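A closer look at the structure
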Amino acid sequence: MLFVLAADTGVTRSDIESGRNHVAPSHDGGRLVVLNKIDGLWDELKSPAQVDAEIAAQAARVAATLELPPGQVFPVSAHKGLVARVHKDAALLARSRLEPLEQALVQSVLPRQRQLLLEMVEREVNELAEQTGRVLSERERHAGEQLLELQGLRGKNRDVMNHMATRIRVEREEFDRSLRQLHGLRAVFGRHSAALVEVTGADRMKTHVREARDNMSESRLSSGLREGMQTLFETLRGDLDSAEGMIGEILSMMTAMYRTFSAEHGMQLGLPPRFTTKRFRLEIDRIDKLQRAQFGPTVMLTTEKWAVMRRFFELIVEQLRTLYRQVQEDVQAWLKAVMSPVETQVREYQSQLKRRLESVKRVLEASESLETRISQVASSKADARAQIEAFERLLRPLRQMMLPLEQAAQAPAAEIDLEVSTA
């Protein structure tokens, strides 16, 4: 964000309000103040040192007023910088001080933007890597267990092989019972999910906004307008409280499900990803603080009601709508992330059980030799290991791209192996 002020007019009251509400909260370098029109301070009766001192003093006052580090305030002359560029006047360009601002954009804002994007990508990559790694590890583990079973059949009689087939069937029956529990829990999960999506959805927001508009329209006093504004914020906070409770119930249910399948069937599920509405609550507090500053007693008493309402809905409510859209997107992504690992590993486990039983059946039916089947399973285990290694090779360049720029420049270039089996 570039917050542009004029050096010839100084910092106005509205500048101070906007600066403190939108610029001062961030000291990470991603928001800069441009003190424009410094050419108005150029005075031929003063020495260059005196002019520079006056500009520096004004920049320092702006930084202090907006409670910002001095390094985030850049005095420039945009007009003189443009003229210098058109006429290729290096001296005028230097005097316009445009280049330090451009360097700040390159060295500060762009890397910060890159970091924000990388953080988002890293979350997605880590989630995908964790889930895929578990599936591949499970595939290798099941193949290893099956290989040990088949190797144990060498020299065994038909009764032992029948016993093994019976054991696999019992294991599948136990898994089918767990699946029936999963189907029941999925139905409960569906109801909880629908309730959570509803309480954080766009329709809910529309209802709150309509009620706030009606209450404010019917009000005859400024206190009624203020009450309508505050009621909207309290209603939204109530929604987040309800959502937090639902999220807790879903987490408890899914944690129990994860532990059950991990303990009873050896799945590598860990714990379900957590989710909290804390950052959305903080954003509502920030918007509430902004509306209190923008619609103070003086504004409420001196401005026509319809003008106040129009400004409130354009400035404040639009931010709340944007926030609710983000809440809904994040909630739906989290619900998918919570259920996806269970469903993925359940499908993999079912597939492995089926292959184990079919393998023993084929040996029993003498449709193929035991040694041939052992060779096939050993090949499957080796393929699973190769896929794990190939997946790790694919991750390395992704991890490198997500390093900070300084570390990425020092790290050796990673090659991407495109010949990876996706079976």
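What you are looking at is a predicted structure, and each value in this text was computed from that prediction instead of being measured.

Let's shift gears to helix α9 (residues 278-294). For α9, spanning 17 residues, the distance from its first C-alpha to its last is 24 Å, which sits close to the expected 24 Å at 1.5 Å a residue. Three or more residues of α9 are buried, namely Phe280, Ile284, Ile287, Asp288, Leu290, Gln291 and Gln294. Down the axis of α9, the sector holding all buried residues measures 160 degrees, keeping them to one side. Opposite the buried face of α9, at more than 90 degrees from it, the exposed residues are Lys278, Leu282 and Lys289.

By the secondary structure assignment, Ser193 is in helix α6 (residues 158-199). Of the polar contacts made by the side chain of Ser193, one reaches the backbone oxygen of Phe189; its length is 2.7 Å. Residues in contact with Ser193, not counting those within four places in the same chain, are Ile250 and Leu335.

The next point concerns the pattern of salt bridges. Under the criterion given, the structure shown has 16 salt bridges. In this structure, Glu54 and Lys46 form a salt bridge, with 2.9 Å as the shortest nitrogen-oxygen distance. Lys46 gets classed as partly exposed once you look at its relative accessible area, which sits at 34%. Between Glu234 and Arg237 there is a salt bridge, and its shortest N-O distance comes to 2.9 Å. A residue pair is termed a helical-turn pair when its members lie 3 or 4 positions apart in one helix, as Glu234 and Arg237 do in helix α8 (residues 222-265) at three residues.

Turning our attention to the sheet that holds strand β1 (residues 2-6). Read from one edge of the open sheet, three strands run β1-β2-β3, paired in parallel fashion. Two strands bound the open sheet, and with one partner strand each, they are β1 and β3 (73-75). Pairwise comparison of adjacent strand axes, ignoring direction, gives a mean angle of 25 degrees for this sheet. Of the strand pairs in this sheet, strand β2 (residues 32-36) and β3 are connected by three bridges, and their pairing is parallel. Paired with Val33 across the bridge in β3 is Val73.

Applying the stated criterion to the full structure yields three aromatic pairs. Judged by centre distance (5.3 Å) and plane angle (85 degrees), the rings of Phe312 and Phe313 are edge-to-face. Comparing Phe312 with Phe313 shows no difference in burial state: the two are buried. Cation over ring: Arg213 sits above Phe313, and NZ or CZ is 4.0 Å from the ring centre. Over the aromatic face of Trp306 sits the side chain of Lys305, whose NZ or CZ is 4.8 Å from the ring centroid.

Looking now at the confidence of the model for the protein chain. Low-confidence regions, as indicated by low pLDDT, have predicted coordinates that should not be scrutinised in detail. On average, residues of the protein chain score 79 in pLDDT, and 83% of them reach the 70 mark or higher. Helix α13 (residues 405-410) is the least confidently modelled element of the protein chain, averaging 57 in pLDDT, while helix α3 (residues 78-87) averages 91, the highest of any element.

Quick notes on the rules
Residues numbered from 1 in each chain as written. Predicted model: local features only at pLDDT ≥ 70, side-chain atom pairs only at ≥ 80, totals over all residues. Heavy atoms only, no water. Helix = DSSP H or I, 4+ residues; strand = E, 2+ residues; numbered from the N terminus. Expected span 1.5 Å × (residues − 1). Buried < 20%, exposed > 50% of the residue type's maximum accessible area, 1.4 Å probe, protein only. Arc of directions from axis to C-beta. Polar contact = N/O pair within 3.5 Å; in protein donor to acceptor, adjacent residues only side chain to side chain. Contact = heavy atoms within 4.5 Å. Salt bridge = Lys/Arg side-chain N within 4 Å of Asp/Glu carboxyl O. Pairing = 2+ DSSP bridges. Axes fitted to C-alpha atoms, helices over the stretch in contact; angles between N-to-C directions. Phe/Tyr/Trp six-rings, centres within 6.5 Å; stacked < 30°, edge-to-face > 60°. Lys NZ or Arg CZ within 6 Å of the ring centre and 35° of its normal. pLDDT = per-residue confidence, 0-100.

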